[in-house]
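The lines below spell out each chain.
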Amino acid sequence: MKRHIVFFILILTLFTNLLFGQNTIEAKDKVLVMDFESAYVKARKVQIYLPKEYEENPSKHFPVLYMQDGQNLFDPQTAYKGRAWELDKSSRNAIKNNEISPCIIVGISNVDTRFFEYFPQKATVYLTKEDYVLMEQGGLEQASDTSNYLADNYLKFLVNELKPFIDKNYRTKTEAASTAIGGSSSGALISLYAICEYPQIFGKAACISTHWSVLFDNEFISPSESIRTYLKHNLPDPKTHRIYFDYGTLAIDRFYEVHQIKVDQLMLEKGYIKGKNWETLKFEGATHSEDSWKKRSNVFLQFLFKA
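The shown structure was predicted, so the numbers you read here are calculated from the model rather than taken from an experiment.

Quick word on the sheet that holds strand β3 (residues 64-68)
- Taken together, eight strands build an open sheet; the order of strands is β1-β2-β4-β3-β5-β6-β7-β8 and the sheet is mixed. For this open sheet the edge positions go to β1 (30-36) and β8 (278-283), each flanked by a neighbour on one side alone. Strand-to-strand twist across the sheet, computed as the mean angle between neighbouring axes with direction ignored, equals 15°.
- Pairing between β1 and strand β2 (residues 44-50): seven bridges, direction antiparallel. Its bridge partner being in β2, Phe36 is matched across the sheet by Arg44.

Thoughts on the pairing of strand β7 (residues 242-248)
- Among the seven residues of β7, six are classified as buried, and the element is accordingly described as predominantly covered.
- Looking at chain direction, β7 and β8 are connected through six bridges and run parallel. In the sheet register, Gly248 faces β8, and the bridge partner there is Phe283.
- The parallel pair β7 and β8, bridged by helix α9 (residues 257-270), forms a crossover whose chirality is right-handed.

A short note on helix α3 (residues 87-96)
- The buried fraction of α3 amounts to seven of the 10 residues, a majority that puts the element mostly inside the structure.
- All of the buried residues in α3 are Leu87, Asp88, Ser90, Ser91, Arg92, Ala94 and Ile95.
- Phi turns positive one or two residues past the end of α3, at Asn98, with a value near 60°.

What about the pattern of salt bridges?
- Inspection of every chain in the model, using the stated rule, returns 18 salt bridges.
- A salt bridge links Asp69 to Arg114, with the nearest nitrogen and oxygen atoms 2.9 Å apart. Of the two residues, Asp69 is situated in the loop between β3 and α3 and Arg114 in helix α4 (residues 114-118); the sequence distance between them amounts to 45 residues.
- The class of Asp69 is buried, set by a relative accessible area of 6%.
- Connected through salt bridges with shared partners, the residues Asp29, Glu53 and Arg92 form a single ionic network.

Digging into helix α5 (residues 129-137)
- Of the positions making up α5, those classed as buried are Asp131, Tyr132 and Met135. Axial view of α5: buried residues confined to an arc of 95°, hence all on one face. Turned more than 90 degrees away from the buried face of α5 sit Lys129, Glu130 and Gln137, all of them exposed.
- Here the buried face of α5 lies against α4 and α8 (223-234).
- Positive backbone phi, at 105°, marks Gly139, one or two positions downstream of α5.

Focus on the packing of aromatic side chains
- Under the definition given, this model contains 19 aromatic pairs.
- Centre to centre, the rings of Phe36 and Phe165 are 5.5 Å apart; their planes meet at 85°, and the pair counts as edge-to-face. Taken as a pair, Phe36 in strand β1 and Phe165 in helix α6 (residues 151-169) lie far apart in primary sequence, 129 residues in all.
- Residue class for Phe165 comes out partly exposed when judged on its relative accessible area of 26%.
- Three or more aromatic residues joined by ring pairs make a cluster, and in this case those are Phe36, Tyr118, Tyr154, Phe157 and Phe165.

Section: the environment of Gly248
- Along the polypeptide, Gly248 turns up in strand β7.
- Sequence separation between Gly248 and Gly285 is 37 residues, and the spatial gap between their C-alpha atoms is 6.4 Å.
- Gly248 has contacts with Ser209, Asp253, Arg254, Phe283, Ala286 and Arg296, leaving out every residue within four places of it along the chain.

How each quantity is defined
Residues numbered from 1 in each chain as written. Predicted model: local features only at pLDDT ≥ 70, side-chain atom pairs only at ≥ 80, totals over all residues. Heavy atoms only, no water. Pairing = 2+ DSSP bridges. Helix = DSSP H or I, 4+ residues; strand = E, 2+ residues; numbered from the N terminus. Axes fitted to C-alpha atoms, helices over the stretch in contact; angles between N-to-C directions. Buried < 20%, exposed > 50% of the residue type's maximum accessible area, 1.4 Å probe, protein only. Right-handed = clockwise from strand over helix to strand, strands pointing away. Salt bridge = Lys/Arg side-chain N within 4 Å of Asp/Glu carboxyl O. Arc of directions from axis to C-beta. Contact = heavy atoms within 4.5 Å. Phe/Tyr/Trp six-rings, centres within 6.5 Å; stacked < 30°, edge-to-face > 60°.

Structure, rendered in structure tokens:
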């Protein structure tokens, strides 16, 4: 009988250790999903990635990356064509390899007004009548109606509503130096616009496959000049800000290089130093897709949060 009792105790102890042992339970990364209402723009889903270090270090505060097109970042079920960036996995691998410091990533889903929310609104004053004709011929209906542009309200949503909510409910490093913003394609445009309009809020920007051409089938399309004119007057101080650009060579990305070269010249004129507070990278064979952006996620993550 004693042997049976001892055996039972041993089994119970082993089972308890498996459940509660110090070395058997490992905190895991989390992606939280919520619906977010706004007074400035349409309601949308927001995804919040918390690295496992967030739970493991309850007194620690973390830098934050705000990313556009949030439905494409983590979950293939919500991502465009079922192809997600899997940015949570890229972040975990980069943390594990001591390439970046652990960070919170906030993914902001887009809505049906995506183009008008993401086009730099103050750049519209530099658009010509010919630009508007080209844009509307290219499928951007009502582009000439300036009341449709929503980027300034979108940034108010980020700065006045979303960031305060994140800072209040999560342990964040709130200063600009620890607050980054990023996105791909038109999401890169609004991220660049954000760091220009709110340099006191965002200290870093990652602009992936920046959609300089505005339209999809011409590398020399003229609306891009309006954005460069805006940047010439509004790029933030290179002493306190960092900006990353990249582009591929296939699909839509093949139209970007001619524009990026001109933007790079603006960066030099503003006083940015390539390889220090600014980077522009060309990825041969990369397309305009979540798969391509997924493959180089660790590159811009290191630029933003290098350990």
